[in-house]
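In case you want the letters, here they are:
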Amino acid sequence: MSSQICRSASRAATSLLSSSKNTRFFSEGRAIGAATVVYASGKVPLYASNFGKSGSAFASKNWLTRLLALPAAAFMLQDQEVLAAEMERTFIAIKPDGVQRGLISEIISRFERKGFKLVGIKIMVPSKGFAQKHYHALKERPFFNGLSNFLSSGPVIAMVWEGEGVIRYGRKLIGATDPQNSEPGTIRGDLAVVVGRNIIHGSDGPETAKDEISLWFKPEELVSYTNNAEKWIYGQN
């Protein structure tokens, strides 16, 4: 529901900003009227469509009183900012076995076809120490050393993907840790056989994603941009 409200706010703000008169009025507040009220109530107010008309609700002092009582943060909503605020980011890595088997394009295409957006990618051979940092939550497990050795055994494709629900759904695309328990149609279910060579890693939650992204990528290595397909992926009728 929150994502629907924010996208409604975004569309209302964009509509208001489309006219030169409106742009001047909102030059400081960035479409504060429609964006703020929609953000708070989930409804596009009557005056959002009547702005600029004589006798409209914007001419009354009433709207300003209500507007100023709303959270100041909502005043800064813009089309791209609203969408970005609702987008999650997750860390996805194609492990050395996936790279050596030539599965890079196959794996990337599955995330792209779903509608997720690639915002960071690099190829590297992690050191064992780096691999141990990546698997630090498993350091008490008997297989910790083997996992670290394997991750550092060859090139890894490190990626950051962005999208609504990308953390949870990214895990669904990947499949269960053991390929034998992965459903057909998932990456592991279709492309892997044994758990020790399950070709891909994906963050399992928001905190893990944040930690893994910061470990593998510097902030300047991640790109924020608007994909032209987003209106066809996230648009509403």
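To be clear, the structure that these remarks concern was listed above.
Criteria and thresholds
Residues numbered from 1 in each chain as written. Predicted model: local features only at pLDDT ≥ 70, side-chain atom pairs only at ≥ 80, totals over all residues. Heavy atoms only, no water. Helix = DSSP H or I, 4+ residues; strand = E, 2+ residues; numbered from the N terminus. Buried < 20%, exposed > 50% of the residue type's maximum accessible area, 1.4 Å probe, protein only. Contact = heavy atoms within 4.5 Å. 1 Å grid on protein atoms, 1.4 Å probe; cavity = no way out; pocket = protein on both sides within 12 Å on 5 of 7 lines; lining within 4 Å. Points joined across faces, edges and corners; volume = space filled by probe spheres on them. Nonpolar A, V, L, I, M, F, W, Y, C, P; charged D, E, K, R; others polar. Pairing = 2+ DSSP bridges.

### What to know about the overall build of the protein chain
Within the protein chain, the regular secondary structure consists of 14 helices and four strands. For the protein chain, the proportion of its 237 residues judged to be buried stands at 44%. At a minimum sequence separation of 6, the contacts of the protein chain that also span at least 24 residues come to 73%.

### Focus on the layout of surface pockets
Rolled over the atoms, a probe as big as a water molecule pinpoints where empty space is left. Its volume calculated, the largest pocket comes out at about 620 Å³. Forming the walls of the largest pocket are 26 residues, and the residues nearest its centre are His134, Tyr135, Leu138, Leu147 and His201. Secondary-structure elements contributing two or more residues to the lining of the largest pocket are helix H9 (128-134), helix H10 (144-151), strand E4 (200-202) and helix H13 (206-216). It is H13 that contributes the most residues to the lining of the largest pocket, four residues altogether. Looking at the lining of the largest pocket residue by residue, the class counts come to eight nonpolar, ten polar and eight charged.

### Description of the pairing of strand E3 (residues 156-163)
Counting buried positions along E3 gives eight out of eight residues, so the element sits mostly inside the fold. Burial along E3 is two-sided: Val156, Ala158, Val160 and Glu162 and Ile157, Met159, Trp161 and Gly163, pointing in opposite directions, are all buried. Here strand E1 (residues 88-94) runs beside E3; their pairing, made up of seven bridges, is antiparallel. Residue isoleucine 92 lies in a different strand from E3, and its bridge partner there is methionine 159. Both strand E2 (residues 117-124) and E3 contribute to a ladder of seven bridges, which runs antiparallel. The residue bridging isoleucine 121 from the neighbouring strand is methionine 159, located in E3.

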